[in-house]
Amino acid sequence: MARQQRTDPATLPGVADVRIVADEATTDLVLDVLRTHFTITAPRPYSGGRSYLQLDTGNTAPDPD
């Protein structure tokens with residue numbers, strides 16, 4: 001059977017869909033780092049250590065003086 005070609009998903013500009021596959025401690029660490037630089041949604045956990053979230057790619061860090 002031939003492999004089905006995927007179509008590019010439609011996304012909103014400036015929003016990234018993120019999948020993290022890690023244990024809970026590592027996921028929490030990655031989320032803490034992302035929160036310091038970006039606005040993120042609450043992660044949606046799934047089986048197999050996967051978590052999905054959206055990330056606003058507009059940097060929220062303060063501008064340097």
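Our structure's up above, just so we're on the same page.
Residues numbered from 1 in each chain as written. Predicted model: local features only at pLDDT ≥ 70, side-chain atom pairs only at ≥ 80, totals over all residues. Heavy atoms only, no water.

> What is the right way to look at the side chain of threonine 27 in this model?
Among the structural elements, threonine 27 can be located in helix α1 (residues 24–37). Residues in contact with threonine 27, not counting those within four places in the same chain, are Ile20, Ala22 and Ser51. (Helix = DSSP H or I, 4+ residues; strand = E, 2+ residues; numbered from the N terminus. Contact = heavy atoms within 4.5 Å.)

> Whenever I open this one, the pairing of strand β4 (residues 50–56) confuses me. Can you help?
Side chains on a regular strand alternate between the two faces of the sheet. Residues Ser51, Leu53 and Leu55 point to one face of β4 and are all buried, whereas Arg50, Tyr52, Gln54 and Asp56, pointing to the other face, are not buried. Here strand β1 (residues 15–21) runs beside β4; their pairing, made up of 7 bridges, is antiparallel. The partner of alanine 16 across the bridge, within β4, is leucine 55. Bridge analysis of strand β2 (residues 39–40) against β4 gives 2 bridges, and the strand direction is antiparallel. The residue bridging isoleucine 40 from the neighbouring strand is leucine 55, located in β4. In this sheet, β4 lies alongside strand β3 (residues 44–46) in antiparallel orientation, the contact comprising 3 bridges. Of the residues in β4, the one forming a bridge with proline 45 is serine 51. Following β3, the chain reverses through 3 residues before pairing antiparallel with β4; glycine 48 in that reversal takes a positive phi of roughly 75°. (Buried < 20%, exposed > 50% of the residue type's maximum accessible area, 1.4 Å probe, protein only. Pairing = 2+ DSSP bridges.)

> Would you take a moment to explain α1 for this structure?
Given 3.6 residues per turn, any residue in an α-helix points the same way as the ones three and four places further on. Taking 1.5 Å per residue as the helical rise, α1 with its 14 residues ought to reach 20 Å, and the 21 Å between its terminal C-alpha atoms agrees with that figure. Burial in α1 covers these residues: Thr27, Leu31 and Leu34. One side of α1 carries all its buried residues, which in axial view fall inside an arc of 65°. In this structure, α1 carries Ala25, Leu29 and Thr36 as exposed residues pointing more than 90 degrees from its buried face. Tucked inside the fold, the buried residues of α1 contact β1, β2 and β4. For α1, the side-chain oxygen to backbone nitrogen distance between the N-cap and alanine 25 is 3.3 Å, and the N-cap itself is aspartate 23. (Expected span 1.5 Å × (residues − 1). Arc of directions from axis to C-beta. Polar contact = N/O pair within 3.5 Å; in protein donor to acceptor, adjacent residues only side chain to side chain.)

Distances and angles like these do not, on their own, reveal function.
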